[in-house]
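Residue strings, one per chain:
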Amino acid sequence: MLSDHPPSPLAQLGILARVHTRVLLARLRGAFASSKLMGFTLVGFLIGYLVVGYIIFYQGLYHLERVPMTGPVLSERIFYLMFFFFFLMLVFSNAVISYTTLFRNKETGWLLTLPVSHRALFMWKLIETLVVSSWGLVFLSAPMLAAYGQLNQVNPFYYLKAFLAYLPFVVIPAAIASWLLVLAVRFLNRYIAAGMAAVFAIWLAYSVFGFYQDHRDPTEDGVHVMMSVDQVMAHTRMSAHPLMPSEWMSSILTFWGKGRAGGTFFFLLILSYAMMGILITGVVAAPLFY
């Protein structure tokens, strides 16, 4: 007999995941069968990027690590910078893709007419957006991570732990993007949005002007200043701010790679924030979306 009670939102989420996974696999099989040349070309491009990227990153990190006194510091700061920009890119890309899948997709409107919980639907769209926007991060950073591990002679278990750390890391920007998107669509009108865009443009212009002022040629005012490593790295301190999730992710990889204590602490920290982000998304953002 059929149950009188509808499935729970978690069960509905599982149903949506199974259906869309089957559809995706069928589309991939159909695309590969219809154009095998394109499929082999894409696979060859991906393999070529991994190989060439590994060689470039390995050579760069190898020579950087051997710079007297400052080499290890500079290589670690590169990690912080790359994951800082990855984090910002993930927030932006998740917001754009979420807007398309939630508000510009006919499938979403059709699913809302079915006996499907809006919370389950919103959480599925969050997962869908997360997968689409975040797989590139793992792919782009794989050569750098492999080169870093080879230089530090890590064991293979390091790469498994790094992959597990990626999972909660990509959840945080996806959750933040969903909050910003829902709040913007629900409460902001075009005048407030235009004002915020103007403020952002002024802030960006001020930042660029200030950066130029700090990096003007010292011969212009007759003073010769020898730039130290600390002065050069002063403009990258934002990437190493202790409140940035990208800083936690960089600390995980560098601490585990060099066998230093503290990597597990940062992993648990980023995991706890990812779980809290999922909870807030399901409790607050999903009802606002509906």
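Notes on the structure follow. Keep in mind that what you see is a predicted model, and the values were worked out from it rather than measured.

Procedures and definitions
- Residues numbered from 1 in each chain as written.
- Predicted model: local features only at pLDDT ≥ 70, side-chain atom pairs only at ≥ 80, totals over all residues.
- Heavy atoms only, no water.
- Helix = DSSP H or I, 4+ residues; strand = E, 2+ residues; numbered from the N terminus.
- Buried < 20%, exposed > 50% of the residue type's maximum accessible area, 1.4 Å probe, protein only.
- Contact = heavy atoms within 4.5 Å.
- Areas by Shrake-Rupley, 256 points an atom, 1.4 Å probe, with all protein chains shown as cover.
- Polar contact = N/O pair within 3.5 Å; in protein donor to acceptor, adjacent residues only side chain to side chain.
- Core = buried A, V, L, I, M, F, W, Y, C linked by side-chain atoms within 4.5 Å.
- Axes fitted to C-alpha atoms, helices over the stretch in contact; angles between N-to-C directions.
- Parallel < 35°, antiparallel > 145°, perpendicular 65-115°, else oblique.
- Left-handed = near helix turned anticlockwise from the far one by under 90°.
- Expected span 1.5 Å × (residues − 1).
- Phe/Tyr/Trp six-rings, centres within 6.5 Å; stacked < 30°, edge-to-face > 60°.
- Lys NZ or Arg CZ within 6 Å of the ring centre and 35° of its normal.
- Salt bridge = Lys/Arg side-chain N within 4 Å of Asp/Glu carboxyl O.
- Nonpolar A, V, L, I, M, F, W, Y, C, P; charged D, E, K, R; others polar.
- Patch = residues over 30% accessible without salt bridge, like charges linked within 9 Å, V, L, I, M, F, W, Y side chains within 5 Å.

## A few points about the overall build of the protein chain
Thinking step 1. Counting its secondary structure elements, the protein chain contains ten helices and zero strands.
Thinking step 2. Taken from N to C terminus, the helices and strands of the protein chain fall in the order α-α-α-α-α-α-α-α-α-α.
Thinking step 3. The buried share among the 290 residues of the protein chain stands at 32%.
Thinking step 4. Considering only contacts within the protein chain whose residues lie at least 6 apart along the sequence, 78% involve residues at least 24 apart.
Thinking step 5. Summed over all atoms, the accessible surface of the protein chain reaches about 18,300 Å², with 74% contributed by carbon and sulfur.

## Concerning the side chain of T101
Thinking step 1. Along the chain, T101 falls in helix α3 (residues 71–103).
Thinking step 2. Only 3.2 Å separates the side chain of T101 from the backbone oxygen of S98, close enough to count as a polar contact.

## Remarks on the nonpolar core
Thinking step 1. Counting residues in each nonpolar core, the largest one holds 50 residues, and the members touching the most others are F83, F122, F169, M249 and L253.
Thinking step 2. Elements supplying a minimum of two residues to this core: α1 (9–34), α3, α5 (118–151), α6 (157–187), α9 (245–257) and α10 (263–289).
Thinking step 3. At twelve residues, α5 tops the list of elements feeding residues into this core.
Thinking step 4. Contacts of M249, omitting those with residues within four sequence positions, involve F83, A162, A165, Y166, F169 and I270.

## Concerning the packing of helix α2 (residues 36–65) against α5
Thinking step 1. Between α2 and α5, the shortest axis-to-axis distance is 8 Å and the interhelical angle comes to 45 degrees. Classified by the interaxial angle, the pair formed by α2 and α5 is oblique. The hand of the α2/α5 crossing is right-handed. Contact with α2, carried on its side by L46, Y49, L50, G53, Y54, F57, Y58, L61 and Y62, involves F139, L140, A142, P143, M144, A146, A147, Y148, Q150 and L151 of α5 and no other residues of that element.

## Describing α9
Thinking step 1. Look at α9: 18 Å from first C-alpha to last across 13 residues, which is about the 18 Å you get at 1.5 Å a residue.
Thinking step 2. In terms of burial, α9 is largely enclosed, as 13 of its 13 residues are buried.
Thinking step 3. Positive phi shows up at G259, right after α9, with a value of about 70 degrees.

## Focus: the packing of aromatic side chains
Thinking step 1. Applying the stated criterion across every chain, the model contains 19 aromatic pairs.
Thinking step 2. When the centroid spacing of 4.9 Å and the interplanar angle of 35 degrees are considered together, the rings of Y49 and F139 count as tilted. Of this pair, Y49 sits in helix α2 while F139 is found in helix α5, placing the two residues 90 residues apart along the sequence.
Thinking step 3. Take Y49: its relative accessible area is 24%, and that puts it in the partly exposed class.
Thinking step 4. When the ring centre of W256 is taken as origin, the NZ or CZ atom of K161, which lies over that ring, is 4.7 Å away.

## Quick notes on the pattern of salt bridges
Thinking step 1. What the rule picks out here adds up to two salt bridges.
Thinking step 2. Residue E107 pairs with K125 through a salt bridge whose shortest N-O separation is 2.9 Å. With E107 in helix α4 (residues 106–112) and K125 in helix α5, this residue pair connects regions lying 18 residues apart in the sequence.
Thinking step 3. The class of E107 is partly exposed, set by a relative accessible area of 27%.
Thinking step 4. In this structure, the salt-bridge partner of K125 is E128, at a minimum N-O distance of 3.3 Å.

## Concerning the packing of α1 against α2
A packed helix pair is summarised by two numbers, namely the angle formed by the two axes and the spacing between the axes.
Thinking step 1. Two elements in contact, α1 and α2, have axes whose closest approach is 5 Å; the angle formed by their N-to-C orientations is 105 degrees. What the angle tells us is that α1 and α2 run roughly perpendicular. Where α1 abuts α2, its residues F32, A33 and S34 lie against K36, G39 and F40.
Thinking step 2. Partitioned by chemical class, the residues of the contact of α1 with α2 number three nonpolar, two polar and one charged.

## Describing the environment of G149
Thinking step 1. On the secondary structure map, G149 appears in helix α5.
Thinking step 2. For G149, a relative accessible area of 1% puts it in the buried group.
Thinking step 3. Taking the C-alpha atoms as reference, G149 lies 8.1 Å from Y159; in sequence the two are ten residues apart.
Thinking step 4. If we ignore the near neighbours within four places in the chain, the residues touching G149 are V154 and Y159.

## Describing a nonpolar patch on the surface
Thinking step 1. Taken together, the side chains of V43, I47, L50, V51, V52, I55 and I56 present a nonpolar region at the surface, about 600 Å² in accessible area.
Thinking step 2. Owing to a relative accessible area of 45%, I55 belongs among the partly exposed residues under this scheme.

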